[in-house]
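Below are the chains, spelled out letter by letter.
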2 protein chains.
Amino acid sequence: MSIVVIITNMKRNTQQRQVILRLLSARKDHPTAEELYQEVRQEMPRVSMGTVYRNLDLLARKGEIRRIDGAAGPSRFDPVNDNHPHYRCPGCNRVFDLPRDLSLERLVDVPLLKKHGFTTDGLVLEVRKYCDVCRAAVS
Amino acid sequence: MSIVVIITNMKRNTQQRQVILRLLSARKDHPTAEELYQEVRQEMPRVSMGTVYRNLDLLARKGEIRRIDGAAGPSRFDPVNDNHPHYRCPGCNRVFDLPRDLSLERLVDVPLLKKHGFTTDGLVLEVRKYCDVCRAAVS
DNA sequence: ATGATTGCAAATCCTTTGCATTTGA
DNA sequence: TCAAATGCAAAGGATTTGCAATCAT
């Protein structure tokens, strides 16, 4: 049994935070912090990268936006060059293969994707689950 | 029309390369370069991080292993906090939403995942396709 | 008033790279 | 032999952080 308390203070609705959120929301693609910084700078020339990063992180942890990068932290490597799906342990952040019966083809409608012109090559599917070690640690 | 030539020299089967590949293959999880480096160092104390990185990169580009990190490059942010799937353009590396009719539920067998204890929260599904801008540029 | 947030700069983390030396084919 | 690959150390890009000043409540 474990109780997780997420402390996400965000007590002030600053100019910077509003502008960052507004500009991010106005975009159809999904910009990097740097790209957003350049845009924010147009209307707030004195804003700093630190502020952009801090706010994006805060908003993401509060659940108002989402950070999209399979990778939390450094790159990981798989000896098998294949599109098989992975899961990441929220505890230790390590990555593992899904059990063999949960193959990509069984989990994902690959033909439908192909019909729409998306390549299944380089496909990324990552889900989450506590690994055995971390599960044991909290029980 | 564009012809892509991938030049991946790898003319020598060095001690370092063999050890790196053997140790990576022996693992069930998917280690970072740093984790692998620590392991390689046990049997090759003089190996350098540069060599580990260079070999992992070489092996990945040759297709013998796979680099797994949704993120090529810096983090990207999505104003919608939601599990919707994305595609990445191989040309400009930007990230976009899939068309609405390709919803997560339509593409992925979420119930099957849940039945196996995987959380669909924080799920990452990323496919590839050239964006309109890059498609126009090569045609 | 006062504590959250900022700008700034330095620090940190991960990764790549230049170069002289070593080594596998 | 001799280019590929290494070790080392320095550079690079992305992100975080310490701190004094500022600003929202």
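Since the model is a prediction, treat every value here as computed from it, not as a measurement.

### Considerations on the relation of the copies chain A and chain B
Right, so step 1: With an RMSD of 0.2 Å, chain A superimposes on chain B once it is rotated by 180 degrees and translated 0.0 Å along the axis. As the rotation angle and translation indicate, the two copies are arranged about a two-fold axis.
Right, so step 2: In this assembly the copies share their binding face: 100% of the residues contributing to the interface of chain A also contribute to that of chain B.

### Some remarks on the pattern of salt bridges
Residue and element names in this part refer to chain A.
Right, so step 1: Counted according to the given criterion, the structure contains 20 salt bridges over all chains.
Right, so step 2: When the shortest N-O distance is used, the salt bridge between Arg 135 and Asp 132 registers 3.9 Å. Placement of both Arg 135 and Asp 132 in helix H6 (residues 132-138) is noted, with a separation of three residues, approximately one turn of the helix.
Right, so step 3: Assessed through its relative accessible area of 36%, Arg 135 is described here as partly exposed.
Right, so step 4: The class of Asp 132 is exposed, set by a relative accessible area of 62%.

### Section: the interface of chain A and chain B
Right, so step 1: At the interface, 58 residues of chain A touch 58 residues of chain B.
Right, so step 2: For the pair chain A and chain B, the summed buried area comes to about 5,700 Å², and 58% of that belongs to carbon and sulfur atoms.
Right, so step 3: On the chain A side of the interface with chain B, the three residues burying the most area are His30(A), Arg66(A) and Phe77(A), jointly 17% of the side's total.
Right, so step 4: Linking chain A to chain B there are four salt bridges.
Right, so step 5: Two residues, Glu35(B) and Arg76(A), come together in a salt bridge whose shortest N-O distance is 3.7 Å.
Right, so step 6: Taken together, the links from chain A to chain B amount to 36 residue pairs in polar contact (both at pLDDT 80 or more).
Right, so step 7: The element that contributes the greatest number of residues to the side of chain A that touches chain B is strand S5 (residues 119-128) of chain A, accounting for nine residues.
Right, so step 8: Along the lines of polarity and charge, the residues of the side of chain A that touches chain B split into 26 nonpolar, 13 polar and 19 charged.
Right, so step 9: Bridge count between strand S2 (residues 76-78) of chain A and strand S1 (residues 66-68) of chain B: three bridges; the pairing is antiparallel. Across the sheet, the residue bridging to Asp78(A) is Arg66(B), located in S1(B).

Reading guide: rules and limits
Residues numbered from 1 in each chain as written. Chains lettered and ligands numbered in written order. Predicted model: local features only at pLDDT ≥ 70, side-chain atom pairs only at ≥ 80, totals over all residues. Heavy atoms only, no water. Least-squares fit on C-alpha atoms with pLDDT ≥ 70 in both. Contact = heavy atoms within 4.5 Å. Salt bridge = Lys/Arg side-chain N within 4 Å of Asp/Glu carboxyl O. Helix = DSSP H or I, 4+ residues; strand = E, 2+ residues; numbered from the N terminus. Buried < 20%, exposed > 50% of the residue type's maximum accessible area, 1.4 Å probe, protein only. Buried area = accessible area lost by both parts, 1.4 Å probe. Polar contact = N/O pair within 3.5 Å; in protein donor to acceptor, adjacent residues only side chain to side chain. Nonpolar A, V, L, I, M, F, W, Y, C, P; charged D, E, K, R; others polar. Pairing = 2+ DSSP bridges.

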